[in-house]
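If you want the building blocks of each chain, they are given just below.
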Amino acid sequence: MRLRNQSTKESMTGYLFILPQMLIFLIFLVYPIIEGIRLSLYQINYQTEKFVGLSNYVSLFSDDVFFKALFNTIVFVVCIVILTVGFALFVASAVFDKNAKYVSFIRGSYYIPVMVSMVVMSMVWSFLLNPANGLISYFSKEMGLGTVNLLGKTQTVMPVIIFVTFVTNVGQAIILYIAAMLGVSKDLFEAAEVDGASRWQVIFKILIPSVQSTTVYIVIINIIAVLKIFVVIQLLTGGGPNNSSVTLMYYLYNNAFKYNQLGTASAVGVIMFVITLLLSMPQLRSLIKEK
């Protein structure tokens, strides 16, 4: 009986310790999700709510701009994840075992853009890409190539925004990969050296499998980050030209704050939540199986 009381007391102590975090989680994460799902079933006009069932979802799937935003978001997610994982793995595997000062310099160089606000970075790129007086357009004119308007063309606006987002966020992935590779047992590298393995064999047979959990984490956080992308679109293109760079988050913002369609905006949020789950679950499942 005494042991049971002691076990119950220890359990209650543990629950009390996690209670503040659980309350924050329920209030600021779980409740907004439930409320968003509820609002997506209503037509909201200022302070009045009218239950419309799935009408908001039906109107979304009959809107060409929504499908354009969905397509652009999927392209963003795929391109950013592939570029980030590929480039970060390349840089990290090239420098992780080099001189400590050299590695620190590389990490610092790539992490500087991550430390700067996305708003500031977007404003810098807006200045560089401005066709009237931007630095890129200026050098283009000096070389006799004429004015360059990369953000004003439907063919180039998406690659430019993907590049800007990639160079701003890739530093975090590089830091995570280097930290994970430094934690790999040195015995594996010594055994590979004895067996006469080449650098590429060490990378593909030891390093990449050893940092698989880090890769899963990077994929998931990049999926979430790209689905929430807004500042770059707002400051660089405003969704243009001709909705060529509109994303789900920007489409949600327009419906909620420009057109006062809160029910439609909530429906977009629910769809984004479902997309996040669908894209993240396979990665989480592979991580659980690994453990």
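Everything quoted here is computed from the prediction, not taken from an experiment. By convention here, each chain's residues receive numbers from 1 onward along its written sequence. Per-residue local features are limited, in this predicted model, to residues with pLDDT of at least 70; the limit for side-chain atom pairs, both in listing and counting, is 80 or more; totals at the level of whole chains, interfaces and linings are taken over all residues. The basis for the side-chain values is all heavy atoms of the structure; hydrogens and waters are excluded.

Caption draft 1: Representation of the packing of helix α3 (residues 64-95) against helix α7 (residues 157-182) in the model. Every axis corresponds to a line fitted to the C-alpha atoms, with the helix fit spanning only the stretch in contact, and the corresponding angles, defined between N-to-C directions, vary from 0 to 180 degrees. Secondary structure elements follow DSSP: runs of H or I of four or more residues count as helices, runs of E of two or more count as strands, with numbering from the N terminus. Remark: α3 packs on α7, axes separated minimally by 7 Å, with the N-to-C direction vectors making an angle of 40°. When the interaxial angle is binned, α3 and α7 end up oblique. Judged by the twist between their axes, the crossing of α3 over α7 is right-handed. In this count, Pro and Cys sit with the nonpolar residues alongside Ala, Val, Leu, Ile, Met, Phe, Trp and Tyr, while Asp, Glu, Lys and Arg are called charged and the others, Gly among them, polar. When its residues are assigned to classes, the contact of α3 with α7 shows 22 nonpolar, 4 polar and no charged. Here the angle decides the label: under 35 degrees means roughly parallel, over 145 means roughly antiparallel, 65 to 115 means roughly perpendicular, and every other value means oblique. Here a crossing is called left-handed whenever its near helix is offset anticlockwise from the far helix by less than a right angle, and right-handed whenever the offset is clockwise.

Caption draft 2: How the structure looks around the environment of Phe71. Residue placement: Phe71 occurs in helix α3. For every residue, the accessible area obtained with a 1.4 Å probe (protein chains only) is divided by the maximum for its type, and the residue is called buried under 20%, exposed over 50%, and partly exposed between those limits. Classification of Phe71 by relative accessible area gives exposed; the value is 52%.

Caption draft 3: Quick peek at helix α12 (residues 248-258). Of the residues making up α12, those classed as buried are Leu248, Tyr250, Tyr251, Leu252, Asn254, Asn255 and Ala256. Immediately beyond the C-terminal end of α12, within one or two residues, lies Asn260, with a positive phi of roughly 55°.

Caption draft 4: Up close: the nonpolar core. Residues enter a nonpolar core if they are buried and are Ala, Val, Leu, Ile, Met, Phe, Trp, Tyr or Cys, with the set joined through side-chain atoms within 4.5 Å. With 66 residues, the main nonpolar core has Phe76, Tyr177 and Leu248 as its most contacted residues. Aside from chain neighbours lying at most four places away, what touches Phe76 is Met158, Ile161, Ile162, Val226, Ile229, Ile233 and Thr247. Whether two residues touch is decided by their heavy atoms; if any such pair falls within 4.5 Å, the residues are in contact.

Caption draft 5: View of the side chain of Thr215. Positionally, Thr215 belongs in helix α10 (residues 212-227). Nitrogen and oxygen atoms within 3.5 Å of one another constitute a polar contact, given that in protein one can donate a hydrogen and the other can accept it, and given that sequence-neighbouring residues count only through two side-chain atoms. Engagement of the side chain of Thr215 in a polar contact is seen with the side chain of Tyr177, the distance being 2.7 Å. In contact with Thr215, not counting residues within four places along its chain, are Val85 and Tyr177.

Caption draft 6: The packing of helix α8 (residues 186-194) against helix α9 (residues 199-210), seen in detail. Across the interface, α8 lies against α9 with an axial gap of 11 Å and an inter-helix angle of 165°. One finds that α8 runs roughly antiparallel with respect to α9. When you trace α8 past α9, the crossing you get is right-handed. Where α8 approaches α9, its residues Leu188, Phe189 and Ala192 are matched on the opposing element by Val202, Ile206, Leu207 and Ser210. Taken together, the residues that form the contact of α8 with α9 break down as 6 nonpolar, 1 polar and no charged.

Any functional reading would require information that these geometric values do not contain.
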